Amino acid sequence: MQKILIIEDELNIAELERDYLEVNGFESDIATTGEKGLELARMNIYNLILLDLMLPGIDGFELCKKLRQVLDIPILMVTARKEDIDMIRGFDRGADDYIIKPFNPNELVARVKAHISRYDRLIQREQIQNTLQIGSILIQSDSRRVFVNDEEKMFTAKEFDLLKFLVKNPNIAFTKEHLMERIWGYDSLGDVNTVTVHIRKIREKIEKDPSNPQFIETIWGVGYRFMKKDSFQ
Ligand code: CA
């Protein structure tokens, strides 16, 4: 079942959104503060986020930035102020779309559906493209082989999955917990140090100098980010 995260401080609006989504076959979680929303987004897998712009504490823009550091799913902003629209449009690396309060709930559902299917098509297209080349690294998806400077490197299944996930989501900082969940499955009770160990092994294979990595960067206090510089393309 597809799952939506609703971040909205007005509970009656959040419940209206949830009810319409439920009728249309979506499951949803409600967070009434930005902090709670961020926590849920990090702990669960969602297909889309409905994000209210005016929240107490951390506002929608700030929250969107933080969400974007860990997620690439569609984010729909909900605002009551028409004057925010230009800001939403101009917002760098931000929302995928916006909707103005008061909104027609059926239109909201239609937009949610459209964004989820567009995102799914994007992911599918990426999966069809079999080979990924990033600088000196060549990844063959179907045969699960990795070459560095034309030399084949042996990867375990999880090392391969982890590298591929990071390469496919460049320039996004992922927490170790998030990587654990994506690669080992979210029922995994594993220790996040597993992620650290796998990153170290991957670096030994792909980096010229593993102690000074240029592909997988450590984001202190967060986790890791695959750096896709223009010179790699
Ligand atoms: Ca609000």
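Structure: see above.
Since the structure is predicted, the reported quantities are computational estimates derived from the model, not experimental observations.

Rules used throughout
- Residues numbered from 1 in each chain as written.
- Predicted model: local features only at pLDDT ≥ 70, side-chain atom pairs only at ≥ 80, totals over all residues.
- Heavy atoms only, no water.
- Helix = DSSP H or I, 4+ residues; strand = E, 2+ residues; numbered from the N terminus.
- Buried < 20%, exposed > 50% of the residue type's maximum accessible area, 1.4 Å probe, protein only.
- Polar contact = N/O pair within 3.5 Å; in protein donor to acceptor, adjacent residues only side chain to side chain.
- Donors = N, O, S within 2.8 Å, 3.2 Å for Na, K, Ca; no water.
- Phe/Tyr/Trp six-rings, centres within 6.5 Å; stacked < 30°, edge-to-face > 60°.
- Pairing = 2+ DSSP bridges.
- Axes fitted to C-alpha atoms, helices over the stretch in contact; angles between N-to-C directions.
- Contact = heavy atoms within 4.5 Å.

(A) Here's a closer look at the side chain of Arg-68. Residue position: Arg-68 is located in helix α3 (residues 60–70). The exposure class of Arg-68 is buried, given its relative accessible area of 9%. Of note is the side chain of Arg-68, whose polar atom sits 3.4 Å from the backbone oxygen of Leu-71.

(B) Spatial organisation of the coordination of the calcium ion. Protein coordination at the calcium ion comes from Asp-9 (OD), Asp-52 (OD) and Met-54 (O), with a distance range of 2.2 to 2.3 Å. In this structure Asp-9 comes out as partly exposed when scored by relative accessible area, which is 31%. The exposure class assigned to Asp-52 is buried, which follows from its relative accessible area of 2%.

(C) Geometry of the packing of aromatic side chains. Throughout the structure, instances matching the rule amount to two aromatic pairs. With a centroid separation of 4.9 Å and 55° between ring planes, the pair formed by Phe-165 and Phe-174 is classed as tilted. Overall, Phe-174 belongs to the buried group, its relative accessible area being 2%. Pairing Phe-215 with Phe-226 gives two aromatic rings, centres 5.9 Å apart and planes at 20°, and the pair type is stacked. Here the residue Phe-215 occupies a position in the loop between α8 (193–206) and β11 (216–219), and Phe-226 occupies one in strand β12 (residues 223–226), the gap between them amounting to 11 residues. Exposure remark for Phe-215: the relative accessible area of 3% places this residue in the buried category. Under the relative-accessibility criterion, Phe-226 is labelled buried at 1%.

(D) Representation of the sheet that holds β12 within the structure. Taking strand neighbours across the sheet as the criterion, the three strands line up as β10-β12-β11 in an open arrangement whose pairing is antiparallel. Where the open sheet ends on each side, the last strands, each with one partner, are β10 (173–175) and β11. When strand polarity is set aside, the average angle formed by the axes of neighbouring strands in this sheet is 30°. Inspection of the sheet shows β11 paired to β12 by four bridges, in the antiparallel sense. Following the sheet pairing, Thr-218 is matched in β12 by Tyr-224. The sheet strands contacting helix α6 (residues 157–168) are β10, β11 and β12, and the helix crosses β12 at an angle near 65°.

Honestly, that's just the spatial picture; any functional story needs more than this.
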